[in-house]
Amino acid sequence: SGINAEYRIGTERSLFAMPETRIGFFPDAGATFFLSRLGDLGMYLAMTGQRIRGFDARHLGFVTQFVESGKLPTLREDVVKCSSEQDLVDCLISHDQSEGQPEFSLNNNLLEISKTFSASSALEVVRRLEESGSKFAQDTLKTFSVMSPTGLCLAHRTQTLSRSLDFTGCLRMEANIAVKTFGLGEFAEGVRALLVDKDNDPKWNPPSLEEFKDEVLDGVFENYKSDDWQPLP
């Protein structure tokens, strides 16, 4: 994942999203690590698959430098002239256009995100949103209505556990639970509905969070810290 690179350049056309809950899976490829470092906001992004556009990616730290897309050719020309890492750093700083950019688009929702997505389970997140009744809450519930209940629970559990893991530990957890997740059948159904048949009508099992059984989740996460999987050297 490019987000794990030391230097990451974004433009006003940049788009970031991890919508795996819509196909019965969970944000992976290191997202358990970098999203969990955002706390409740990361939980929100993991569960909703909310799209992050333009300078919002800079606010969240997903990119380290912001450059208008029309300036990229000039930046590219200057980068290839760099002969050391310090030259590269100086080059990126000189081209950065972060000054004067818009405020974070979710600023007005951060308090409600904290109140709702700090819940101890996916079901409790939904209950808090229902109690809120705000437009933000209603929009979020509408988003959840098309998501896999299993995917929402997986996203919530992975984000919760990964807060106490380092990067390697997060990748190990992702690898250990992925195969078990595939065995639940939700991923195959999500891919069928959205990417193969494209009927956008997945038949989730279970069809609601209220019917989801915690023991299923417990089975998926059994031995999630196992050393049987090792990262490449």
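Here the structure is shown first, and the text comes after it.
These figures come from a predicted structure and were not determined experimentally.

Cut-offs used in this document
Residues numbered from 1 in each chain as written. Predicted model: local features only at pLDDT ≥ 70, side-chain atom pairs only at ≥ 80, totals over all residues. Heavy atoms only, no water. Patch = residues over 30% accessible without salt bridge, like charges linked within 9 Å, V, L, I, M, F, W, Y side chains within 5 Å. Areas by Shrake-Rupley, 256 points an atom, 1.4 Å probe, with all protein chains shown as cover. Salt bridge = Lys/Arg side-chain N within 4 Å of Asp/Glu carboxyl O. Lys, Arg positive; Asp, Glu negative; His and termini not counted. Charge placed at Lys NZ, Arg CZ, Asp CG, Glu CD. Helix = DSSP H or I, 4+ residues; strand = E, 2+ residues; numbered from the N terminus. Buried < 20%, exposed > 50% of the residue type's maximum accessible area, 1.4 Å probe, protein only. Phe/Tyr/Trp six-rings, centres within 6.5 Å; stacked < 30°, edge-to-face > 60°. Contact = heavy atoms within 4.5 Å. Axes fitted to C-alpha atoms, helices over the stretch in contact; angles between N-to-C directions. Parallel < 35°, antiparallel > 145°, perpendicular 65-115°, else oblique. Left-handed = near helix turned anticlockwise from the far one by under 90°. Nonpolar A, V, L, I, M, F, W, Y, C, P; charged D, E, K, R; others polar.

## Section: a negative patch on the surface
Here comes step 1: A surface patch of negative charge is lined by Glu130, Glu131, Glu210 and Glu211.
Here comes step 2: By secondary structure assignment, the location of glutamate 210 is in the loop between helix 11 (186-196) and helix 12 (214-220).
Here comes step 3: Exposure remark for glutamate 210: the relative accessible area of 53% places this residue in the exposed category.

## Things to note about the pattern of salt bridges
Here comes step 1: With the rule as written, the count across this model stands at nine salt bridges.
Here comes step 2: Put simply, arginine 192 and glutamate 189 hold a salt bridge, and the shortest N to O gap is 2.9 Å. Of the two residues, arginine 192 and glutamate 189 are both situated in helix 11; the distance of three residues between them amounts to about one turn of the helix.
Here comes step 3: Where arginine 192 meets aspartate 197, a salt bridge forms, and the shortest distance between an N and an O atom there is 2.9 Å.

## Describing the packing of aromatic side chains
Here comes step 1: One pass over the structure, following the stated rule, counts 13 aromatic pairs.
Here comes step 2: Plain terms: the ring middles of phenylalanine 16 and phenylalanine 34 are 6.0 Å apart, the flat faces sit at 65° to each other, and that makes the pair edge-to-face. Pair noted here: phenylalanine 16 is in strand 2 (residues 15-16) and phenylalanine 34 is in helix 1 (residues 31-34), with a separation of 18 residues, a long-range link.
Here comes step 3: Exposure remark for phenylalanine 16: the relative accessible area of 17% places this residue in the buried category.
Here comes step 4: According to the relative accessible area criterion, phenylalanine 34 is buried, its value standing at 11%.
Here comes step 5: Between phenylalanine 25 and phenylalanine 182 the ring centres are 5.3 Å apart and the planes differ by 10°, which places this aromatic pair in the stacked class. With a gap of 157 residues between them, phenylalanine 25 in the loop between strand 2 and helix 1 and phenylalanine 182 in helix 10 (residues 167-182) connect regions that are remote in the sequence.
Here comes step 6: The class for phenylalanine 25 is buried, based on a relative accessible area of 5%.
Here comes step 7: Every member of this aromatic cluster is reached through a ring pair, and the members are Phe25, Phe26, Phe182 and Phe187.

## Some words on the side chain of threonine 21
Here comes step 1: Among the secondary structure elements, threonine 21 is positioned in the loop between strand 2 and helix 1.
Here comes step 2: Ignoring anything within four residues of it in the chain, the contact list for threonine 21 reads Ala46, Met47, Met147, Ser148, Gly151, Leu152 and Ala155.

## Considering unusual backbone geometry
Here comes step 1: Here the residue pair asparagine 205 and proline 206 is connected by a cis peptide bond, since its omega of 5° sits within 30 degrees of zero.
Here comes step 2: Along the chain, proline 206 falls in the loop between helix 11 and helix 12.
Here comes step 3: The backbone of alanine 29 shows a phi angle near 55°, a positive value even though the residue is not glycine.
Here comes step 4: Relative to the helices and strands, alanine 29 is located in the loop between strand 2 and helix 1.
Here comes step 5: Since its relative accessible area comes to 43%, alanine 29 is described here as partly exposed.
Here comes step 6: A positive phi angle, near 55°, is found at lysine 198, a position not held by glycine.
Here comes step 7: Looking at lysine 198, the relative accessible area reads 58%, which means it is exposed.

## Side note on the packing of helix 7 (residues 122-132) against helix 8 (residues 135-144)
Here comes step 1: In the contact formed by helix 7 and helix 8, the axes pass within 8 Å of each other and the chain directions differ by 140°. By the angle class used here, helix 7 and helix 8 are oblique. The way helix 7 lies across helix 8 gives a crossing that is left-handed. For the pair helix 7 and helix 8, contact is made by Val125, Val126, Leu129, Glu130 and Ser132 and by Ala137, Thr140, Leu141 and Phe144, respectively.
Here comes step 2: Classifying every residue of the contact of helix 7 with helix 8 by side-chain character gives six nonpolar, two polar and one charged.

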